[in-house]
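Fold and geometry: a report
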Amino acid sequence: MSAHDDQAVLNESNDPAAPAEAMPAEFGVGMAVAVVVASMVGTGVLTTSGYTMYLVGSNSWMLALWLLGGVIALCGALTLAELSAALPRTGGDYVYLYEAYGPLAAFMSGWVSYLMGFSGASAVAAYAAAKYVLKPAGLGGDGAMLAERGLATLAVLIFAAIHVSSRRRTSLVQGWITGLKVALLLVLVVAGVAVGWPNAANLNDVGAVDLHTAKEMLFSLVFIYYAYTGWNGASYLAGEIREPQKVLPRAILYGTGAVALLYLAVNVVYCLALTAGDVRAIVEAPTNARGLDVVAPIAELATRRLFGDAWSDPLSVAIGLMLLSSLSVYLLLGPRVIYAMAKVGQFPAVAARLREGAETPAVATVFQLVATLALLWSGTLESLFVYAAVGLSLFSMLSMSAIFVLRVKRPDLPRPFRTPGYPFTPAVYLLLTGVLVVAAFVNSWKVSTISLASLLLGIPVYHLTPAARARRRSA
């Protein structure tokens, strides 16, 4: 198959059984920004700060790491803005890698997105939401885990059904729950700063950094990186957005900048409520049998300390419901990747079928449901974070490196947005992301290795796909 044929396959499937229809371009800038914000804000900032406060033993260093995470995300977002404007097609990273490196790299990116980027993220969001909602019930032991996973499963099924049923309903639900989520976080920030400001000394606890602390800081970036993932969310809907070359860069940059500021503000509230010593005491309490997961509901712990028991329980439930926005957007975007892969023969052709009348990727949604529920019922929240972050980091690096390749390979592409600071901006992203991947393997080698093995499993799977078999026959 020629290079020209490889390019054309992005628009027309090689599988005659796959349908020719495409999803219509109905979404505007508001929906695109909502998707970016919903993809980013949620599980990470409402759980991983507890892990980081414990690991680095300092609120000041924790805030510095969140700021560094914002710099990494902004460098990635600026790189992505050029790629998405030049190649505004549904499928996100899959499209850029297909153009830059060919079908195997594109398939591997789609494979990682399927397993970790969306199925893993859906499992994390559902699990975390259930933890917050059930926190006031005071459940413990195996009963708590069973209840959390059961409630999370119900939430996954409900939102999958919403997104399959109607594109209009999807836009309405996603817009409302994203707006409510951001509003609740802003209320938390304003009220938390007002009540907690007498504890401003908690923000100034910088300590000496030895080798152990430096190692824990780098590992903490794994969790923070996960919290910032999602700045590429709108690119997965590129083919369904009106005027994508104009809208996508704006949505990506506006959304990423706003979220970075919001994250810093939310973490300041945590610091005003709790010292690093408070968090350490919770984790190391003799009665704690859940490890770091005991501080996963860090927002609930902070609100309890700031506002008392009367407010903490309803706020915990509200935060849990707020996390459903993240779950919703993952279940919206993930099937789009599967759909794009099926259209080019890199996934079973049945996944490219749209639900008649609704024009939604119903079969692709079922594929994501299966992977999401399998992950949900197989790991702790902390291990799911690391599992997803390692795979996402590796292939995000590959995706963002496509900017270098395409500048040389496809100089003819229209580039209405060009990455400021090129080539240094994407280089900074690649370097810092590479460092945190190494830190993940050093600190959590078992889960990181499982993540890498899951990733590599995609290679033999690729060679079984119809597209790969067709290429071998035509070679």
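Note that the coordinates shown come from a computational prediction; the quantities given were computed from them, not determined experimentally. (Residues numbered from 1 in each chain as written. Predicted model: local features only at pLDDT ≥ 70, side-chain atom pairs only at ≥ 80, totals over all residues. Heavy atoms only, no water.)

When their charged atoms lie close together, side chains carrying opposite charge are able to pair. Per the stated rule, a full pass over the model turns up 9 salt bridges. Arg 410 serves as the salt-bridge partner of Glu 99, at 2.9 Å between the closest nitrogen and oxygen. With a gap of 311 residues between them, Glu 99 in helix α5 (residues 93–101) and Arg 410 in the loop between α16 (381–409) and α17 (424–443) connect regions that are remote in the sequence. For Glu 99, a relative accessible area of 5% puts it in the buried group. When its relative accessible area of 13% is taken as the criterion, Arg 410 is described as buried. Note that Asp 313 and Arg 304 form a salt bridge whose closest N and O atoms lie 3.0 Å from each other. Residue class for Asp 313 comes out partly exposed when judged on its relative accessible area of 27%. The partly exposed category is assigned to Arg 304, whose relative accessible area is 29%. If you follow the salt bridges from partner to partner, you end up with Glu 300, Arg 304, Asp 309 and Asp 313 in one network. (Salt bridge = Lys/Arg side-chain N within 4 Å of Asp/Glu carboxyl O. Helix = DSSP H or I, 4+ residues; strand = E, 2+ residues; numbered from the N terminus. Buried < 20%, exposed > 50% of the residue type's maximum accessible area, 1.4 Å probe, protein only.)

Take the nonpolar core next. Proteins that are soluble and globular tend to have nonpolar side chains buried together. Counting 139 residues, the largest nonpolar core has Leu 46, Tyr 263 and Leu 327 as the members making the most contacts within it. Among the elements that take part in this core, helix α6 (residues 103–134) stands out by supplying 19 residues, more than any other. The residues contacting Leu 46, other than those within four sequence positions of it, are Tyr 132, Leu 185, Tyr 270, Ala 296, Pro 297, Ile 298, Ala 299, Ile 319, Met 322 and Leu 323. (Core = buried A, V, L, I, M, F, W, Y, C linked by side-chain atoms within 4.5 Å. Contact = heavy atoms within 4.5 Å.)

This part is about the environment of Phe 223. Within the secondary structure, Phe 223 sits in helix α9 (residues 211–228). Assessed through its relative accessible area of 0%, Phe 223 is described here as buried. Sequence separation of Phe 223 and Thr 52 is 171 residues, and the distance between their C-alpha atoms is 7.8 Å. Leave out the neighbours within four places in its chain, and Phe 223 touches Thr 48, Tyr 51, Leu 55, Glu 382, Phe 385 and Val 386.

Before going further, it helps to spend a moment on the confidence of the model for the protein. The pLDDT averaged across the protein works out to 84; a share of 91% of its residues lies at or above 70. Contacts for the low-pLDDT stretch residues 1–21, under 50 throughout, to residues beyond four places or in other chains number 35 contacts. (pLDDT = per-residue confidence, 0-100.)

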